[in-house]
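# Descriptive structure summary
Spelled out from the first residue to the last, the chains are:
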Amino acid sequence: MAQLSDDCFAGAERLITTSEALDILAARISPVADEESVPLREAIGRILAEDVTSSVNVPPHDNSAVDGYAVFFDDLADDGPSALPVAGRAAAGQPIELNVRRGEAVRIFTGAPMPEGLDTVLMQEDCAEEDSRVTIPPGIKRGANRRAAGEDVTAGQVVLTRGTRLRPQEIGLAAAVGRTALKVYQRVSAAVFSTGDEVEEPGGELPPGKIYDSNRFTIITALERLGCAVDDLGILPDRPEEIASAIRAAAETHDVLLTSGGMSVGEEDHVGQAVSANGALHFWRLAIKPGRPVSLGQIQVGDRSAAFVGLPGNPAAAIVTFVLIGRPLILRLGGAAEIAPIVYRVPADFDYRKKKDRREFVRARLEVGLDGIRRAKKHGASGAGILSSLVGADGLVALPEDMTQLDAGSLVEFLPFSEVLA
Ligand code: AMP
Ligand code: MG
């Protein structure tokens, strides 16, 4: 009698886990990107291809953290107010040319260099100035409101490291140490195809039996957010020769190809075959739900090779697997040091039964309870083809392979879309 395949075994072939898939990815895929220098503003979202060492101290000089009066701490009485003559004025951006004597105070403003010898600054709100004398209350600490040269960055310090994805704060820090441009990796060039005789370009009237293409649009925009240069290569029919020649042509001019659909085990699923025949599949099928028929491979044309990710056709599965495999692949190709997203642990607000030996991803919203704590609440219908329930979802609850029952209140892994699709 023929053995029915269960959810995790296809014949004798064990489905691999997501963590095994990521290990294969790390072993098989290496960064492709060449380097280029770009002005700071264009460096946002790019991956740094150099270590940035500061040649300067930030701040460059000791300076005041507030508007007020700079004094010698030892001139202050500790049992009552002190009244000191105001000997001069130090404003931000002005050269310091004050020669302050002991017993004198200086009117000072935020960011102004500390006049030589003065060590402590009183906030103007705490002082009273009259007839060029300032009255200072007791109780200030030595060194208060004074910022030391180099307390942010010291000259010679490595402030940014190769492989960092640049956010506004990294760009700002590069400017703070005087840089106007940064060396970054070139954008990963990606080609995106949909496959399927039923898949139709949105816009026209939908013929019977057809469905509008959504995957190409989610995948292309997700890739653009990751900083890729993306080419939309349209929809391929379910014909092996056309699929093979299209992916070969794309592999000659791109670093990575992403397809959706045609990766299952049906007779009309020709993508996997086309990839194996023109390169290799490193893995095919993961122990996950949704998104089992996802694959990672490589297409070889002459001495050029392009990475390949075959995403499932079902639109929700395509997004989940893009997040799990596509995103780390792109980051790895692009030279990023960190390719894993930050996953949070939050209490679940739902019960759930699942099959053992596969990882399940449940669409969820984070809802704030009366106690102020955010909990993951299951959101919308859960089919692999249900795209609408990803809209309005905040992320995915990832339930581990060995779990069979989730009880509300227990802590679960939560992967926010703001982390992986923003
Ligand atoms: P497949 O993986 O080719 O077997 O497709 C699985 C399901 O996803 C089928 O119902 C397809 O019609 C649907 N599908 C495949 N590609 C797309 C696409 N680009 N946009 C929307 N639905 C798709
Ligand atoms: Mg298909």
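Moving on, we come to the overall build of the chain. Within the chain, the regular secondary structure consists of seven helices and 30 strands. Relative to a compact globule of 422 residues, whose C-alpha radius of gyration would be 22 Å, the chain shows 30 Å and is clearly more extended. Its C-alpha atoms give the chain principal-axis dimensions of about 100 × 55 × 45 Å. Every one of the 422 residues in the chain was classed for burial, and the buried ones make up 46%. The contacts of the chain with a sequence gap of at least 6 include a subset with a gap of at least 24, amounting to 70%. In the form shown here, the chain has an accessible surface area of approximately 20,700 Å², with 49% of it arising from carbon and sulfur atoms. Looking at charge distribution, the chain has the averaged site of its 43 positive side-chain charges lying 3 Å from that of its 60 negative ones.

Further remarks concern unusual backbone geometry. Residue V58 is joined to P59 through a cis peptide bond whose omega torsion reads -10°. Looking at the secondary structure, you find P59 in the loop between β4 (52-53) and β5 (63-64). For the bond running from K289 to P290, omega is -5°, close enough to zero to count as cis. Here D131, not a glycine, exhibits a phi torsion of approximately 50°, which is positive.

Another point: helix α6 (residues 315-333). Approximately 45° is the largest bend angle found in α6, and it occurs at F322. A large share of α6 lies buried, amounting to 18 of its 19 residues. In the stretch just after α6, G335 is the one whose phi turns positive, near 95°.

The strand order across the open sheet built from six strands is β18-β15-β19-β23-β22-β20, with neighbouring strands paired in mixed fashion. Among the strands making up the open sheet, the edge pair consists of β18 (229-236) and β20 (279-284). Here the strands of the sheet are splayed against their neighbours by 20° on average, with no regard to which way each runs. Examined bridge by bridge, strand β19 (residues 256-260) and strand β23 (residues 304-311) share five bridges and lie parallel to one another. Looking at β23, one finds that L257 is bridged to F308. Contacting β20 and β22 (295-301), helix α1 (residues 18-28) runs over the sheet at an angle of about 155° to β20. Of the strands in this sheet, β15 (189-195), β18, β19, β22 and β23 touch helix α4 (residues 240-253), which is tilted by about 75° from β22.

Let's shift gears to the confidence of the model for the chain. Confidence in the prediction of the chain, expressed as mean pLDDT, is 95, and 97% of residues score 70 or more. This model gives residues 6-12 a pLDDT under 50, and the stretch forms 14 contacts once residues within four places in sequence are excluded.

As a further point, take helix α2 (residues 168-176). Those residues of α2 that sit buried are E170, I171 and A174. Viewed along the axis of α2, the buried residues span an arc of 100°, placing them on a single side of the element. Lining the buried residues of α2 we find β13 (158-160) and β14 (181-185). Trailing α2 by a residue or two, G178 shows a phi angle of about 95°, which is positive.

A few words now on the packing of α1 against α6. Between two packed helices, what matters for the description is the angle formed by their axes and the separation of those axes. Between α1 and α6, whose axes approach to 11 Å, the crossing angle comes to 25°. As judged from the angle between their axes, α1 and α6 are roughly parallel. Considering only the axes of α1 and α6, their crossing is right-handed. Contacts between α1 and α6 pair T18, A21, L22, L25 and A26 from the former with L324, I325, P328, L329 and R332 from the latter. Looking at the contact of α1 with α6 residue by residue, the class counts come to eight nonpolar, one polar and one charged.

Per the counting criterion, the structure on display carries one aromatic pair. Look at F350 and Y352: their rings are 6.1 Å apart centre to centre, the planes differ by 90°, and that puts the pair in the edge-to-face class. Using a relative accessible area of 15% as the deciding quantity, one classes Y352 as buried. Over the face of the ring belonging to F72 we find R102, whose NZ or CZ atom lies 4.9 Å from the ring centre.

Here the focus is the pattern of salt bridges. Under the defined criterion, the tally for this structure stands at 20 salt bridges. E36 is the partner of R46 in a salt bridge, and the nearest nitrogen-oxygen pair spans 2.6 Å. Of this pair, R46 sits in the loop between β3 (35-39) and β4 while E36 is found in strand β3, placing the two residues ten residues apart along the sequence. The partly exposed category is assigned to E36, whose relative accessible area is 28%.

Covered by surrounding structure in strand β8 (residues 105-108) are A105 and R107 together with V106 and I108, the residues of both alternating faces. The pairing of strand β6 (residues 68-71) with β8 spans three bridges and is classified as antiparallel. When the bridges of β8 are listed, A70 appears paired with V106. Of the pairings in the sheet, the one linking strand β7 (residues 82-90) to β8 comprises four bridges and is parallel in character. For A90, the partnering residue across the bridge sits in β8 and is I108.

Looking now at the sheet that holds strand β11 (residues 133-136). Strands in a sheet are paired, the pairing made by backbone hydrogen bonds, and the direction either parallel or antiparallel. The six strands lie next to each other as β9-β6-β8-β7-β11-β10, forming an open sheet whose pairing is mixed. Looking at the sheet topology across the chains shown, the edges are occupied by β9 (120-123) and β10 (128-130). Averaged over all pairs of adjacent strands, the angle between strand axes in this sheet comes to 40°, irrespective of strand direction.

Criteria and thresholds
Residues numbered from 1 in each chain as written. Chains lettered and ligands numbered in written order. Predicted model: local features only at pLDDT ≥ 70, side-chain atom pairs only at ≥ 80, totals over all residues. Heavy atoms only, no water. Helix = DSSP H or I, 4+ residues; strand = E, 2+ residues; numbered from the N terminus. Rg over C-alpha atoms; globule rule 2.2 N^0.38 Å. Buried < 20%, exposed > 50% of the residue type's maximum accessible area, 1.4 Å probe, protein only. Contact = heavy atoms within 4.5 Å. Areas by Shrake-Rupley, 256 points an atom, 1.4 Å probe, with all protein chains shown as cover. Lys, Arg positive; Asp, Glu negative; His and termini not counted. Charge placed at Lys NZ, Arg CZ, Asp CG, Glu CD. Bend = angle between axes of the 7 residues up to and from the residue. Pairing = 2+ DSSP bridges. Axes fitted to C-alpha atoms, helices over the stretch in contact; angles between N-to-C directions. pLDDT = per-residue confidence, 0-100. Arc of directions from axis to C-beta. Parallel < 35°, antiparallel > 145°, perpendicular 65-115°, else oblique. Left-handed = near helix turned anticlockwise from the far one by under 90°. Nonpolar A, V, L, I, M, F, W, Y, C, P; charged D, E, K, R; others polar. Phe/Tyr/Trp six-rings, centres within 6.5 Å; stacked < 30°, edge-to-face > 60°. Lys NZ or Arg CZ within 6 Å of the ring centre and 35° of its normal. Salt bridge = Lys/Arg side-chain N within 4 Å of Asp/Glu carboxyl O.

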